[in-house]
Number of protein chains: 4
Amino acid sequence: MDELREECGVFGIWSPEKKHLAHVCAAGLTALQHRGQEAAGIAINEDRNIRYHKGPGLVSEVFPAPVLNELGEGQIGVGHVRYATTGGGSALNAQPMVVRHVKGQLALCHNGNLTNSTPLRRELELKGCIFQTTSDTEVISYIITQKRLQTPSIEKALEAAMGEIKGAYSLVLTSPTKLMACRDPLGMRPLVYGTTSDGSVVFASETCALDAVGASFVRDVKPGEIVVIDADGIRSIETHCGKAQPKLCVFEYIYFSRPDSVIEGVCVHDARVRAGHFLAESHPANADIVIGVPDSGLDAALGFAEKSGIPYGIGLIKNKYIGRTFIAPEQSLRESLVQQKMGAVPSVLKGKSVVLVDDSIVRGTTSARIVAMIRKAGAKEVHMRISSPTFLNPCYYGTDVDSTENLIAVHHSIDEICKMIGADSLGFLSVEDARRLAGSNPDNFCAACFDGKYPVAKED
Amino acid sequence: MDELREECGVFGIWSPEKKHLAHVCAAGLTALQHRGQEAAGIAINEDRNIRYHKGPGLVSEVFPAPVLNELGEGQIGVGHVRYATTGGGSALNAQPMVVRHVKGQLALCHNGNLTNSTPLRRELELKGCIFQTTSDTEVISYIITQKRLQTPSIEKALEAAMGEIKGAYSLVLTSPTKLMACRDPLGMRPLVYGTTSDGSVVFASETCALDAVGASFVRDVKPGEIVVIDADGIRSIETHCGKAQPKLCVFEYIYFSRPDSVIEGVCVHDARVRAGHFLAESHPANADIVIGVPDSGLDAALGFAEKSGIPYGIGLIKNKYIGRTFIAPEQSLRESLVQQKMGAVPSVLKGKSVVLVDDSIVRGTTSARIVAMIRKAGAKEVHMRISSPTFLNPCYYGTDVDSTENLIAVHHSIDEICKMIGADSLGFLSVEDARRLAGSNPDNFCAACFDGKYPVAKED
Amino acid sequence: MDELREECGVFGIWSPEKKHLAHVCAAGLTALQHRGQEAAGIAINEDRNIRYHKGPGLVSEVFPAPVLNELGEGQIGVGHVRYATTGGGSALNAQPMVVRHVKGQLALCHNGNLTNSTPLRRELELKGCIFQTTSDTEVISYIITQKRLQTPSIEKALEAAMGEIKGAYSLVLTSPTKLMACRDPLGMRPLVYGTTSDGSVVFASETCALDAVGASFVRDVKPGEIVVIDADGIRSIETHCGKAQPKLCVFEYIYFSRPDSVIEGVCVHDARVRAGHFLAESHPANADIVIGVPDSGLDAALGFAEKSGIPYGIGLIKNKYIGRTFIAPEQSLRESLVQQKMGAVPSVLKGKSVVLVDDSIVRGTTSARIVAMIRKAGAKEVHMRISSPTFLNPCYYGTDVDSTENLIAVHHSIDEICKMIGADSLGFLSVEDARRLAGSNPDNFCAACFDGKYPVAKED
Amino acid sequence: MDELREECGVFGIWSPEKKHLAHVCAAGLTALQHRGQEAAGIAINEDRNIRYHKGPGLVSEVFPAPVLNELGEGQIGVGHVRYATTGGGSALNAQPMVVRHVKGQLALCHNGNLTNSTPLRRELELKGCIFQTTSDTEVISYIITQKRLQTPSIEKALEAAMGEIKGAYSLVLTSPTKLMACRDPLGMRPLVYGTTSDGSVVFASETCALDAVGASFVRDVKPGEIVVIDADGIRSIETHCGKAQPKLCVFEYIYFSRPDSVIEGVCVHDARVRAGHFLAESHPANADIVIGVPDSGLDAALGFAEKSGIPYGIGLIKNKYIGRTFIAPEQSLRESLVQQKMGAVPSVLKGKSVVLVDDSIVRGTTSARIVAMIRKAGAKEVHMRISSPTFLNPCYYGTDVDSTENLIAVHHSIDEICKMIGADSLGFLSVEDARRLAGSNPDNFCAACFDGKYPVAKED
């Protein structure tokens, strides 16, 4: 599946002593690279002075060693990876957003989408504010800055700002002297923190980034919580906690997060295996082998195999060097070049009835191509199983679901989709099962893209 | 395993009509990219005139669309991917090597290493030949060119040249009017050919490249065979065939080739699964789960699980965006940044006795790091199983095995290695089992890097 | 002389029909490239929608043809070249600054420096404004935007803003429907406008940019004037005109502007020739030949030769391909590599008493090197004449004079400087003569860097 | 004039001790950059081991500091700048050409063109030689290498090779232990040598490169001479000297060489001034001012002014930042963007009768554009004077004169050309005067491009 995109990953570190934290941020962001591949940025706070660098590309491209070294030592570092839409000003939308205000500098990293950024923006413009980007993060910067004028500290300003902004946000910020992290009251996007043996505190979108920098997981930041760390130690502000039912994005388990990450106590891999279990029960198949579409369908395929008793196989090989696919000018050549991203293992598929597990169907074109490849390799039946429900609605909280007109499930029944992708049978995870993936309260999740139940309304 | 390197992948296509074959070559080479990532090149033959482009980097980097378009239409295309050693002249060692001689141009792509290039080179130098590269391919170009002066055709010249050059070589060449491919008499490196529905003929190091360009597999080029295709059709020259026992490099099955490729009738994936079977029999373990090191240990892990009855699990997640690892200036930070390439899935490993399957151990440092990561994730025992024998000898045929001084098995017993990598037990595939991976005659393989039995002597 | 830097050049064009104005802007900015080489930017206004691109480097580097094409058609284009100080955020200081406010978008290009930006910035911060750059232009954007809330049109807002901002500014702006240009009430930086045969209106820092885009010069924008052009035609707002004595930066004639530009009715070349005349009168020399340091000393050298009757010669050849000078690691080699930027013509200098004319001395090191080169080529005497007075004071209006500690004339008498640079005699233009370069009222110029008479006070 | 191109500049240095000579080579080559801007290369010989780097672009682009540092220390360095024709293999034609032969390595740098490379190439091919480039230098490499087999030393081999190769060549070479330089028996291309205070010996195409690296000029290498320097000192081989009348390319004085260079005892600037004198005598004009087209017309303009008594003026300003000209998609805009490369100084030209001096007319389009610009600036008459004769013939010795079909003088009379470029009068230097530019024997020069008298026949 390659049509869905998460908007961001955030990272932050506070060290008791000055160090070359840019290298640590780069390692942490690379572990979060699956959450956004189009821009990256790091800001280093050295003695109240914030230096930063950001640009389009992968972390490894934006941050060659000399750039990291030039960012120098500091006590606080924050970083961001982003999927940026194309167009003129996109590079300027890269984060961290670093601003100067009356109390000094502020660097913000944001994962999520506000639902009331349009009215907030309008209100700010009417006060004479100017906007240099089209990102929500600039709105948040203004709100915090204006609250700071009426509050005694930056964390109080953040607390007050959280009373105004609505929607999904996991933020990591550095003020001149403090590293802060907060999560929206519904906890729609994940955010964790950990510590290292030398006393550093680390915030990250996922635990895999803690692992990558050698930090030990402490706990998830709570929905609505602000965590602050400075020379006086670490402390929590819970004013906005516990006032609403949590609504973690269920797609974090299904697709966004890395399988080795643990969110709210549940390992992503386990949730995906459980999706396979559910599918094996709800949509069983009489087949010889279970194959996952690499990489995101593998865990659910293993779960399907476990529960169904059908052997698990490795039947598709992803080309890990695909930078782009090559498209010949001639139509005849183009048609022959369809199989560049993946190859089918003929010995595994030949003459078999195959259960093929993938994580989602958006437009259906990719699925059709893979089913055709499996058949060409000799499979006699292909039973497609999808470890998510059908996409029917737009997301207002930061997931770049394709536009509704492109969503195949909006326009076609499951039977029709089955025919369109050329499968012998097709089964999707039910929304109820999706809500049960983590094994906790099914109401604790947002599944609006599947069921249209939006926990926060979009304001225009 | 990241210390072993294959030197090359080769690709060639002949089309009955002029087309933009550079795009096809690029797609084919990308499917062979795992065989060499440091340089790439494509030559297009249009009406006896050969245009080419080559340079350092991945196929997708060396060949942006405008470069492919500029190569233009042609009836023949050849291409190459290479692992080039660092240093001044490395870019010049990129292939295809394109030369002009008395009969026109010649573009050569070579996978393998000659064993008598030193004496051949010396002999040529004594005739006044100059060398602009350090590659064997330049030697081959001279030999063919000089034979061409005494023979009526380029294929006869190639046939004569094959009488002089020794060692491992799979070649794809284009003369002004012909596409040719040949394989050394021992067939040490793989080479296959296929055809497309529009009548094109394709040569490639592996079948996965045929799949990528929509070609159907016809057969392996035979050891010692020359296949020629031009306006008069396709024909085979078998003068050098059948005079020696085949000696395919066994490491093609263990590591080099892509699992979905089929070599000499045997799917690489199947050979690796069989390695797992052998290991389960020769080095059984009392364990809860079998884990493969991604990507090259996964097939053997599945085989071990199948044969042993121990469940197969997904316990290690590779970061697919790792361009390089980030190394902080401070020692304390460096130590914390060890886990960037891979993450362990805690829920799968915690409290488990784990069989960990990888394809090889060269220096042992990577294995030690992975074992430590598995333990940190909570595994109580780690039983390491390696789907190849111990490396003890250098390869003269084109595999860049690490220098002998770095090979851990040269200096240490298996028990010592087991302790050094921190495993509870350690088992390697036996050389006998390695020779049985393909299920065919065990004598048909070269396993010199394991057993020191060199089928062709190195001449200095 | 390479230690002085002007901060900017500005350009704007309004066309009665939509066209690919980015190409025109690029040509105009290249003609202004001498005013700033470190960043360039262009914004195109198409039907109220402003697209832009900016980045570090020369115009030709920042704007390859595909980038220009992608900016597309529009009715208004504005552009900027800049000398940006090094450091983290420098790329963000590139212009045009493009902001969104309550009435739509605004793109600003600014040449000059405000003297009250610090208090204005503080005031804005106290209202909750955030700053993403360190440039004055962001302050101007805010002031205009906030005035816009209380005024019926953007030009009225600009008029009101001009009542608050102080210092040097030549601005070119585009609102959704209008192209505007204005000059500070003292006219410290130049700004002209012209028209083309197809009815376009062009603004530029210098007339050489009008020539480069085929526009005919109409007149200078007056000190304090706002010129507005939109669908209703061109009109002038003169509220801020005539309230203060003009104070054009005299260094525009001496160094900044291109010799073929005409500022306030006087050709820059003529002003420099006149500087040579003044020098020949005030600091005559008994010599055989007059040589100018290329390129900026040539005009004054010609003037000196004309007035003195000593023949003009071409004695120094500038290497036009110098990208950077090469510095060997060894001290002994370094000393030998001093003569890379320029070569002396031995036949012209050998045995001659030479008058050497340059435009300024900042640190003195460059002059010492050139005098030594002239002597090495065989000159028997070197009489240095400088077509500007001694630098003694910092500039607050946008000229990046070296820091006072580096200014040789602050610390040394003219006799001492003469010895330090190794000349036989040394003469500077007097401040009085500098004020007479244009042949107009000597009080109409700012010469603060020479005489310390600041027309507008710097506010901190 | 921008349609003529010299093919190369060569440089070499031998140092008594190992040093970072790459930096010195880069400085020397930058001084020769006017002789070729499309490729550059440097080879460093350290203890018989030659490292090298070459690539497309200016010296400053091909050799960033890290690349120079990586070339390391050595006792010998050679370098080359080149104008390379476009097309697939052009980068491979960059020099130095570094080859390995039976006696070790050889690095060659070549300025000039052989006239018998075609037959020599054919002969070599018939011996089985392969060619990887299309350059003459590869032919020379082979000839020297093959001679080396029959001679006791590399200098004897070079001496023997000079008996076979014909045409124009100034070569700088390094063998494992020796730096050598030689010039063809007619001395068609310049080559000088000098020494430094630390005992180094330097060879270069022009003296300006000696100046740039702090070397003192010793003398021109003689036509036909080989100069060898190694641990045993410097020595000369004069076997091929004095057997033919020298035939230095007269265009070295007119256009190729830098004005501050001295060739065969005559300063290039002086020769150009003399061209101006000759033009003032042969084609006088009744005018108010003499203007040179920068940069290559300035010296002759000064000469014209001196001899005619008409004042010299600076009337054209070259934009030194022109990387490329910008071309708008619309025809109407394109016409307006003609004046990007140069600006006219209106105060100098207005109402004047102008003598305009340029160094050559090839196609005539550039001249027409400049004449039009001068008229637009207000000149009432334009009398064009060209400091070279009319181009009528191709050059076989390394000057890339435009193809005959494009040479305006081949197809049109001088009167016609005068009308075509829009001048009031037009005068070219006579061939006789061109031969007298250096003040020495008129027969000592090749002027074949003007008079068709080829000193060496081209062999096909």
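Asker: It is not clear to me how the packing of helix α4 (residues 117-126) of chain D against helix α5 (residues 136-148) of chain D should be interpreted in this structure. Could you clarify?
Answerer: A pair of packed helices is characterised by two quantities: the angle between their axes and the separation of those axes. All names here are of chain D. Between α4 and α5, the shortest axis-to-axis distance is 10 Å and the interhelical angle comes to 55°. Between α4 and α5, the angle is such that the two are oblique. α5 is crossed by α4, and the crossing has left-handed handedness. Contacts between α4 and α5 involve S117, L120, R121 and L124 from the first element and D136, V139, Y142, I143 and Q146 from the second. Of the residues contributing to the contact of α4 with α5, the split by class is 5 nonpolar, 2 polar and 2 charged.

Asker: Where do I start with the arrangement of the chains in this structure?
Answerer: With no contact formed, the shortest span from any C-alpha in chain B to any C-alpha in chain C equals 13 Å. At their nearest point, the C-alpha atoms of chain A and chain D are still 13 Å apart, with no contact between the two.

Asker: Looking at this structure, how should I read the pattern of salt bridges?
Answerer: It is possible for side chains bearing opposite charge to pair when their charged atoms get close. All names here are of chain D. Tallied over the full model, the rule gives 92 salt bridges over all chains. Of the charged contacts in the structure, one is a salt bridge between R375 and D424, with a shortest N-O distance of 2.9 Å. Remark: D424 occurs in the loop between α15 (414-421) and β23 (425-428) and R375 occurs in helix α13 (residues 365-376); sequence separation between them is 49 residues.

Asker: Help me understand the relation of the copies chain C and chain D in this model?
Answerer: What relates the pair of chain copies is a rotation about an axis plus a shift along that axis. For the pair chain C and chain D, the relating rotation is 180°, the translation along its axis is 0.0 Å, and the fit reaches an RMSD of 0.0 Å. Both copies are brought into coincidence by an operation consistent with a two-fold rotation axis. No C-alpha of chain C lies nearer the rotation axis than that of K320(C), which sits 3.9 Å from it. The residues that chain C uses at the interface reappear at the interface of chain D in 100% of cases, marking a shared surface.

Asker: Explain the domain arrangement of chain A here, please?
Answerer: For an interface, size is often stated in terms of accessible area lost upon the parts coming together. Residue and element names in this part refer to chain A. Looking at the assigned domains, one finds that chain A contains domain 1 (9-244) and domain 2 (271-444). Tallying the contact residues gives 8 residues for domain 1 and 6 residues for domain 2. Here domain 1 meets domain 2 over a buried area of about 470 Å², counting both sides, of which 58% is carbon and sulfur. Ranking the residues of domain 1 by area buried against domain 2 places N113, M188 and R189 at the top, with a combined share of 60%. Counting the contacts that link domain 1 with domain 2 gives 2 residue pairs in polar contact (both at pLDDT 80 or more). Its residues assigned to classes, the side of domain 1 that touches domain 2 comprises 4 nonpolar, 3 polar and 1 charged.

Asker: What's the story with the relation of the copies chain A and chain B in this structure? I'm lost.
Answerer: Mapping chain A onto chain B calls for a screw motion: a turn of 180° about the axis and a shift of 0.0 Å along it, with 0.0 Å RMSD after fitting. A high fraction, 100%, of the interface residues of chain A reappear at the interface in chain B, so the copies pair face to face through one surface.

Asker: Before we go on, may I ask you to explain helix α1 (residues 21-31) of chain B in this structure?
Answerer: Given 3.6 residues per helical turn, the α-helix brings residues three or four places apart onto the same face. Among the 11 residues that make up α1(B), 11 are buried, leaving the element largely enclosed by the rest of the structure. For α1(B), the set of buried residues is L21(B), A22(B), H23(B), V24(B), C25(B), A26(B), A27(B), G28(B), L29(B), T30(B) and A31(B).

Asker: Where do I start with the interface of chain C and chain D in this structure?
Answerer: Facing the 65 residues of chain C at the interface are 65 residues of chain D. Around 4,900 Å² of area is buried between chain C and chain D when both sides are counted, 63% of it from carbon and sulfur atoms. Among the residues of chain C in contact with chain D, I314(C), Y321(C) and F326(C) are the three that bury the most area, contributing 13% of the side total. Linking chain C with chain D are 2 salt bridges, by the criterion used here. K320(D) is the partner of D295(C) in a salt bridge, and the nearest nitrogen-oxygen pair spans 3.7 Å. Taken together, the connections running from chain C to chain D amount to 16 residue pairs in polar contact (both at pLDDT 80 or more). Top element by residues in the side of chain C that touches chain D is helix α1 (residues 21-31) of chain C. It accounts for 6 residues.

Asker: Help me understand unusual backbone geometry, please; the structure alone is not making it clear to me.
Answerer: Negative phi characterises most residues that are not glycine, and trans characterises most peptide bonds. Note the cis peptide between P294(A) and D295(A), where omega equals -10°. Of note, D295(A) is situated in the loop between β17 (289-292) and α10 (298-308). Although it is not a glycine, E264(B) adopts a positive phi angle of roughly 50°. Secondary-structure assignment places E264(B) in the loop between β15 (262-263) and β16 (266-267).

Asker: Hey, could you run me through the packing of aromatic side chains in this one?
Answerer: Each pair of aromatic rings is reported with the distance of its centres and the angle of its planes. Taken as a whole, this structure holds 50 aromatic pairs over all chains when the rule is applied. Between F391(C) and F450(C), the aromatic rings sit 5.3 Å apart at their centres with planes inclined by 40°, giving tilted as the arrangement. With a gap of 59 residues between them, F391(C) in the loop between β22 (381-386) and α14 (408-411) and F450(C) in helix α17 (residues 448-451) connect regions that are remote in the sequence. Three or more aromatic residues joined by ring pairs make a cluster, and in this case those are F251(A), Y255(A), F256(A), F391(A) and F450(A). Above the ring of F278(B), the side-chain terminus of R436(B) is found at 4.3 Å from the ring centroid. Note that R121(C) overlies the ring of F131(C), its terminal NZ or CZ placed 4.3 Å from the centroid.

Asker: Looking at this structure, how should I read the interface of chain A and chain B?
Answerer: With 64 residues of chain A at the interface, the matching set in chain B holds 64 residues. With both sides pooled, the region where chain A packs onto chain B buries about 4,900 Å², and carbon together with sulfur makes up 63% of that total. Three residues, I314(A), Y321(A) and F326(A), lead the burial of chain A against chain B; their summed loss comes to 13% of the area buried on that side. For the interface between chain A and chain B, the tally reads 2 salt bridges. At the junction of chain A and chain B, the tally comes to 16 residue pairs in polar contact (both at pLDDT 80 or more). Ranked by residue count, the leading element in the side of chain A that touches chain B is helix α1 (residues 21-31) of chain A, at 6 residues.

Asker: Even after reading the chapter, I still don't get helix α9 (residues 268-282) of chain B, so can you show me in this structure?
Answerer: In a regular helix each residue adds 1.5 Å, so 15 residues correspond to 21 Å; α9(B) covers 21 Å between its end C-alpha atoms and thus fits that length. Of the residues making up α9(B), those classed as buried are V268(B), H269(B), A271(B), R272(B), V273(B), A275(B), G276(B), F278(B), L279(B) and A280(B).

Asker: Would you take a moment to explain the sheet that holds strand β4 (residues 74-82) of chain D for this structure?
Answerer: Backbone hydrogen bonds are what pair the strands of a sheet, in a parallel or an antiparallel way. Residue and element names in this part refer to chain D. Overall, antiparallel pairing links the 7 strands, which are arranged β3-β2-β4-β1-β10-β9-β11 in an open sheet. The two strands at the open ends of the sheet, each matched to only one other strand, are β3 (49-56) and β11 (216-220). Strand-to-strand twist of the sheet, defined as the mean angle between neighbouring strand axes without regard to direction, takes the value 15°. Inspection of the sheet shows strand β9 (residues 192-195) paired to β11 by 4 bridges, in the antiparallel sense. Looking at the pairing, V192 lines up with D220 of β11.

Asker: Whenever I open this one, the environment of A285(D) confuses me. Can you help?
Answerer: Residues and elements named next belong to chain D. Mapped onto the secondary structure, A285 falls in the loop between α9 (268-282) and β17 (289-292). Taking the C-alpha atoms as reference points, A285 and I310, separated by 25 residues in sequence, lie 9.2 Å from one another. Beyond its immediate stretch of four places on either side in the chain, A285 contacts F304, I310, V355, H383 and R385.

Asker: Even after reading the chapter, I still don't get the side chain of E155(B), so can you show me in this structure?
Answerer: Residue and element names in this part refer to chain B. Its place among the elements puts E155 in helix α6 (residues 154-161). On the basis of relative accessible area, E155 is assigned to the buried category, the value being 9%. Engagement of the side chain of E155 in a polar contact is seen with the side chain of R235, the distance being 3.3 Å. Non-local contacts of E155, meaning those with residues more than four positions away in its chain, are made with K178, M180, I226, V228, R235 and I237.

Asker: Mind showing me how you'd approach the sheet that holds β22(C) here?
Answerer: Residues and elements named next belong to chain C. Here 5 strands make up an open sheet; going across it, the order is β18-β17-β21-β22-β23 and the pairing parallel. The sheet is open, and its two borders are formed by β18 (312-313) and β23 (425-428), each paired with just one other strand. Relative to β22, strand β21 (residues 353-358) runs parallel, the two sharing 6 bridges. Its bridge partner being in β22, D358 is matched across the sheet by I386. Lying over the sheet, helix α10 (residues 298-308) contacts β17 (289-292), β18, β21 and β22, oriented at roughly 165° with respect to β17. Lying on the sheet, helix α13 (residues 365-376) is in contact with β21 and β22; it crosses β22 at an angle near 150°.

Asker: Is there a simple way to think about the pairing of strand β5 (residues 97-101) of chain C in this case?
Answerer: Strand residues, when the strand is regular, have side chains that alternate between the two faces of the sheet. Residues and elements named next belong to chain C. The buried fraction of β5 is high, at 4 of 5 residues. With 5 bridges joining them, β5 and strand β6 (residues 104-111) adopt antiparallel strand pairing. For R100, the partnering residue across the bridge sits in β6 and is Q105. Here β5 hands over to β6 after 2 residues, the two strands then running antiparallel side by side.

Asker: Help me out: how do you make sense of the environment of S170(A) in this one?
Answerer: All names here are of chain A. Looking at where S170 falls in the secondary structure, it is placed in strand β7 (residues 170-174). Placed 60 residues apart in sequence, S170 and H110 show a C-alpha to C-alpha distance of 5.9 Å. Apart from the residues within four sequence positions on either side, S170 is in contact with V10, C109, H110, N111, C182, R183, R189, P190 and L191. A polar atom in the side chain of S170 sits 3.1 Å from the backbone oxygen of R189. In this structure the side chain of S170 is engaged in a polar contact, spanning 3.2 Å, whose partner is the backbone oxygen of P190.

What counts, and where the lines are drawn
- Residues numbered from 1 in each chain as written.
- Chains lettered and ligands numbered in written order.
- Predicted model: local features only at pLDDT ≥ 70, side-chain atom pairs only at ≥ 80, totals over all residues.
- Heavy atoms only, no water.
- Axes fitted to C-alpha atoms, helices over the stretch in contact; angles between N-to-C directions.
- Helix = DSSP H or I, 4+ residues; strand = E, 2+ residues; numbered from the N terminus.
- Parallel < 35°, antiparallel > 145°, perpendicular 65-115°, else oblique.
- Left-handed = near helix turned anticlockwise from the far one by under 90°.
- Contact = heavy atoms within 4.5 Å.
- Nonpolar A, V, L, I, M, F, W, Y, C, P; charged D, E, K, R; others polar.
- Salt bridge = Lys/Arg side-chain N within 4 Å of Asp/Glu carboxyl O.
- Least-squares fit on C-alpha atoms with pLDDT ≥ 70 in both.
- Domains from an automatic or database assignment.
- Buried area = accessible area lost by both parts, 1.4 Å probe.
- Polar contact = N/O pair within 3.5 Å; in protein donor to acceptor, adjacent residues only side chain to side chain.
- Buried < 20%, exposed > 50% of the residue type's maximum accessible area, 1.4 Å probe, protein only.
- Phe/Tyr/Trp six-rings, centres within 6.5 Å; stacked < 30°, edge-to-face > 60°.
- Lys NZ or Arg CZ within 6 Å of the ring centre and 35° of its normal.
- Expected span 1.5 Å × (residues − 1).
- Pairing = 2+ DSSP bridges.

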